[in-house]
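Here's the letter readout for the chains.
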Amino acid sequence: MDSQSRYDSPLIRVRLDKAEAMREAGQNPYPNDFTPADTAQKVKDECADLTPEILEAEHKNYSVAGRVMAVRSFGKAAFVHLSDRTGLMQVLVQKSAIGEENYEAFKKYDIGDILGVEGRAFFTRTGELTLEVKTLRFLSKSLRPLPEKWHGLTDKETRYRQRYVDLIINPEVRDTFKTRSKIVAFIRNFFHGRDFLEVETPMMQPIPGGATARPFVTHHNALGMTLYLRIAPELYLKRLIVGGMERVFEINRNFRNEGLSLQHNPEFTMLEFYQAYATYEDLMDITENLFSQMSVEVTGSHKIVYQEKEIDFSHGWARLTMAQAIEKYGEMRAEETND
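Residues numbered from 1 in each chain as written. Predicted model: local features only at pLDDT ≥ 70, side-chain atom pairs only at ≥ 80, totals over all residues. Heavy atoms only, no water.

With the rule as written, the count across this model stands at 13 aromatic pairs. Aromatic side chains Phe190 and Phe191 sit 5.3 Å apart centroid to centroid with 80° between the ring planes, which places their arrangement in the edge-to-face category. Each member of the pair Phe190 and Phe191 is classed as buried. Counting every residue linked through ring pairs, the aromatic cluster contains Phe186, Phe190, Phe191, Phe196, Phe249 and Phe273. Lying over the aromatic face of Tyr236, Arg239 brings its terminal NZ or CZ to 4.7 Å of the ring centre. (Phe/Tyr/Trp six-rings, centres within 6.5 Å; stacked < 30°, edge-to-face > 60°. Buried < 20%, exposed > 50% of the residue type's maximum accessible area, 1.4 Å probe, protein only. Lys NZ or Arg CZ within 6 Å of the ring centre and 35° of its normal.)

Overall, mixed pairing links the 3 strands, which are arranged 6-10-11 in an open sheet. Where the open sheet ends on each side, the last strands, each with one partner, are strand 6 (197–198) and strand 11 (267–275). Here strand 10 (residues 247–255) pairs with strand 11 via 9 bridges, running antiparallel. Considered in strand 11, the bridge of Arg253 is made with Thr269. Sitting on the sheet, helix 8 (residues 171–192) is in contact with strand 6, strand 10 and strand 11, with an inclination near 150° to strand 10. (Pairing = 2+ DSSP bridges. Helix = DSSP H or I, 4+ residues; strand = E, 2+ residues; numbered from the N terminus. Contact = heavy atoms within 4.5 Å. Axes fitted to C-alpha atoms, helices over the stretch in contact; angles between N-to-C directions.)

Before going further, it helps to examine the confidence of the model for the chain. With 96% of its residues at a pLDDT of at least 70, the chain reaches an overall mean of 91. Mean pLDDT across the secondary structure elements of the chain bottoms out at helix 6 (residues 156–161), with 76, and peaks at strand 6, with 98. (pLDDT = per-residue confidence, 0-100.)

Right, let's talk about the pattern of salt bridges for a bit. Applying the stated criterion across every chain, the model contains 19 salt bridges. A salt bridge links Lys141 to Asp110, with the shortest nitrogen-to-oxygen separation between them at 2.5 Å. In this pair, Lys141 sits in the loop between strand 5 (129–140) and helix 6 while Asp110 sits in the loop between helix 5 (100–106) and strand 4 (114–123), placing the two residues 31 residues apart along the sequence. Neither residue differs from the other here; Lys141 and Asp110 are each classed as buried. By sharing partners, the salt bridges in this structure join Lys18, Asp110, Asp113 and Lys141 into a single network. (Salt bridge = Lys/Arg side-chain N within 4 Å of Asp/Glu carboxyl O.)

So, about the sheet that holds strand 2 (residues 77–84). Taken in spatial order, the 5 strands of this closed barrel run 1-2-3-5-4, and their pairing is mixed. Shown here is a sheet whose adjacent strand axes are inclined to one another by a mean of 55°, direction ignored. Looking at chain direction, strand 4 and strand 5 are connected through 10 bridges and run antiparallel. Each bridged residue has a counterpart across the sheet, and for Leu115 the counterpart in strand 5 is Phe138.

Pasting the structure below:
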């Protein structure tokens, strides 16, 4: 796609023209000259237990920055919802507070633009915590319009191909990213606390092994040889055990050149750990402890709901052989099908 065809959309063209008009007026549409001291959640936490009278008397001032998600204009004033990494913050922009020139410029800003604001916190008549803006800084021009706000971004194809848009529109997706980060951090601490050593094994391998899967193939020019992106780290981790490292783990990226769907990605992350002088039952104990402790650490409970089903990570997991599992759950599946 050539550079011109990308801007055929009249909405994008209008935003490009606005950015150019700012440059012609001597204003940088991407100044990067504002560092917020606070976040939306910090403001809410600090003001949550205060009455409107106390908040008025204490005159708490904050500075936050975020993307414009909604604007309700009332002529000489407007309520704006700014979204930062912690959530939404309502701000009140008034001509009388920021000046006529700045307010006229503000009225030309678009949904999706990024602003920095400083001002006093107060509660509106409806009880919503709001910042009364005293200083407003334009930080970044958004050239592409966001999806229609009332319906959010629901198309799965777009959500997965344009994850950045999904993150902007659907706040719960950001929570998923945060949860994943907590899980990875917990896993590292869990194994470090049991004297395991975290390692990194080769991603490009002369012989892919450790699982049965079709590998991605690449070529190493300097060595003049074919290499494969790993399908599992197992064999290299076991070599470390042979070498005397005794307890190792790796949170690793694997690549399997196979099917692709919303539930199956050819590039994925997995955990593998190995321990010398241990049986498979010892490793089962470790796995049970890992998930049981992690569920409480990350969610505050042993029980979580996933895809409308409750999963209980409390201790006391059932332990079955493969044959027993097939017999038990195969019968349950057959009964559900017959029903």
